[in-house]
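Summary of structural features
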Amino acid sequence: MKRYSFENKKKITRKCDYPNCEEAGEYRAPKDRSLKEHYWFCLKHVSEYNKNWDFLKGLSADEIEEHLQNDVTWQRPTWKLGHGGLKPDPKVKDYFKVQEDIGLGMDGKYNPPPPKTQRYEQKMQTAIAFMDLDLPLTAESVKKQYKKLAKQYHPDTNKGDKEAEKRFKQLNDAYHYILEHITK
């Protein structure tokens, strides 16, 4: 089996590009901002060159600011999530609804996601369930549902039924508790 030997590799030797230097130019340094052409220096001269190198030399303050802003995105175009370059692929099965989460429907148009539902403590959840309310809660929707349930559970409409009276008290407690917490 033949082994690769580093000694067999031909070593390219360049002369240092610094004037009157006879050392080998082993270290690369850019000639300008385009970073396409390079000098080859020895260690001593590349260190000296790097100390004096100013990538932004010759740019105005506005040009420097623009360059720094573009560097935030690595000089690449950007757009708001769900807009611009993102087009859904109809061949892709979106099982996890990622495109819906970012507001991109299968038509490729931006559709804002529905508002997030609030999480409530257990007592609040019980009160919401008892009153059979839909989220998001508003004072108007709570009052409307209360009036509907008050007619249903009121002891006068249930001819003195003790169970109805108990539910009516629970309804009042739930109604006041919910209103107290959503109007804060």
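So, here is what we can say about the structure in this document. Numbers given to residues run from 1 along each chain, matching the order in which its sequence is written. The model is predicted, so local features are restricted to residues of pLDDT at least 70 and side-chain atom pairs to those at 80 or more, both for listing and for counting; the totals for chains, interfaces and linings are taken over all residues. Side-chain figures throughout are based on the complete set of non-hydrogen atoms in the structure, without hydrogens or water.

A few words on a negative patch on the surface. A contiguous patch of negative charge, built from D62, E63, E65 and E66, is present on the exposed surface. Counting from the N terminus, the helices are the DSSP runs of H or I reaching at least four residues and the strands are the DSSP runs of E reaching at least two. Relative to the elements of secondary structure, E63 occurs in helix 2 (residues 61-71). Within the patch definition used here, like charges are joined within 9 Å and nonpolar side chains (Val, Leu, Ile, Met, Phe, Trp, Tyr) within 5 Å, considering only residues with over 30% relative accessible area and no salt bridge. Reported accessibility uses the Shrake-Rupley method at a 1.4 Å probe radius. Residues are deemed covered only where the shown protein chains occlude them. Any Lys or Arg side-chain nitrogen found within 4 Å of a carboxyl oxygen on Asp or Glu counts as a salt bridge. Residues counted as positive are Lys and Arg, residues counted as negative are Asp and Glu, and His and the chain ends are not counted. A single reference atom marks each charge: NZ on Lys, CZ on Arg, CG on Asp, CD on Glu.

Sulfur atoms of two cysteines make up a disulfide when they are within 2.5 Å. In total, this model carries zero disulfides according to the counting rule given. In this structure C21 is not part of a disulfide, and its nearest cysteine sulfur, from C16, lies 3.8 Å away. Exposed residues in this analysis have more than 50% of their type's maximum accessible area, buried residues have under 20%, and partly exposed residues fall in between, with area computed by a 1.4 Å probe over protein chains only. Judged by relative accessible area, which is 7%, C21 ranks as buried. With no disulfide of its own, C42 lies closest to C16 among cysteine sulfurs, the gap being 3.8 Å.

Our focus in this paragraph is the nonpolar core. Working definition of a nonpolar core: buried Ala, Val, Leu, Ile, Met, Phe, Trp, Tyr and Cys residues. They are joined through side-chain atoms within 4.5 Å. Core analysis: the largest hydrophobic core is formed by 19 residues, its most contacted members being M131, L137, V142, L171 and I178. When residues of this core are traced back to their parent elements, those giving at least two are helix 4 (122-131), helix 5 (139-153) and helix 6 (162-182). Ranked by residues supplied to this core, first place goes to helix 6 with seven residues.

Moving on, we come to the packing of aromatic side chains. Under the pairing criterion, centres of Phe, Tyr and Trp rings, with the six-membered ring standing for Trp, must be within 6.5 Å; the plane angle then separates stacked pairs below 30 degrees from edge-to-face pairs above 60, leaving the rest tilted. As enumerated under the stated definition, the model contains six aromatic pairs in all. When the centroid spacing of 6.1 Å and the interplanar angle of 35 degrees are considered together, the rings of F130 and Y153 count as tilted. With F130 in helix 4 and Y153 in helix 5, this pair connects stretches of sequence that are 23 residues apart. On the basis of relative accessibility, which here comes to 26%, the residue F130 falls in the partly exposed class. With centroids separated by 4.0 Å and ring planes inclined at 20 degrees, the aromatic side chains of Y146 and Y175 adopt a geometry described as stacked. Within this pair, whereas Y146 is found in helix 5, its partner Y175 is found in helix 6, the two being separated by 29 residues in sequence. Here R14 stacks its cationic end above the ring of W40, 3.8 Å away from the centre of that ring. By the criterion adopted, a ring carries a charge over it if an Arg CZ or a Lys NZ lies within 6 Å of its centre and within 35 degrees of its normal.

Okay, the pattern of salt bridges next. Summed over all chains, the structure comprises two salt bridges. Across the pair K15 and E22 runs a salt bridge, and its minimum N-O distance is 3.7 Å. Look at E22 and you get exposed, because its relative accessible area is 65%.

Right, let's get into the packing of helix 4 against helix 6. Contact geometry for helix 4 and helix 6: axes closest at 9 Å, N-to-C directions at 125 degrees. Relative to helix 6, helix 4 is oriented oblique. Where helix 4 crosses over helix 6, the handedness of that crossing is left-handed. Where helix 4 approaches helix 6, its residues K123, M124, A127, I128, F130 and M131 are matched on the opposing element by R167, Q170, L171, A174, Y175, Y177, I178, H181 and I182. Among the residues making up the contact of helix 4 with helix 6, the classes are represented as eleven nonpolar, two polar and two charged. Only the stretch in contact is used when fitting a helix axis, every axis being a line fitted to C-alpha atoms; angles between N-to-C directions are given from 0 to 180 degrees. Oblique is the label for any angle not under 35 degrees, not over 145, and not in the 65 to 115 range, which are roughly parallel, roughly antiparallel and roughly perpendicular in turn. By convention the crossing between two helices is left-handed if the near helix lies anticlockwise of the far one by an angle smaller than a right angle, and right-handed if it lies clockwise. Contact between two residues is taken to exist if any of their heavy atoms lie within 4.5 Å; hydrogens are not considered. Classification used: nonpolar for Ala, Val, Leu, Ile, Met, Phe, Trp, Tyr, Cys and Pro, charged for Asp, Glu, Lys and Arg, polar for all others including Gly.

The next thing to look at is helix 1 (residues 43-52). Taken together, the buried positions of helix 1 are H45, V46 and Y49. For helix 1, the buried positions fall inside an angular range of 100 degrees around the axis, keeping them on one side. Summarising the geometry of helix 1, the exposed residues directed more than 90 degrees from the buried face are L43, K44 and K51. On its buried face, helix 1 sits against strand 1 (27-30) and strand 2 (38-41). The arc under discussion is defined with respect to the helix axis, by the directions toward the C-beta atoms.

Purely geometric stuff here, so don't read any function into it on its own.
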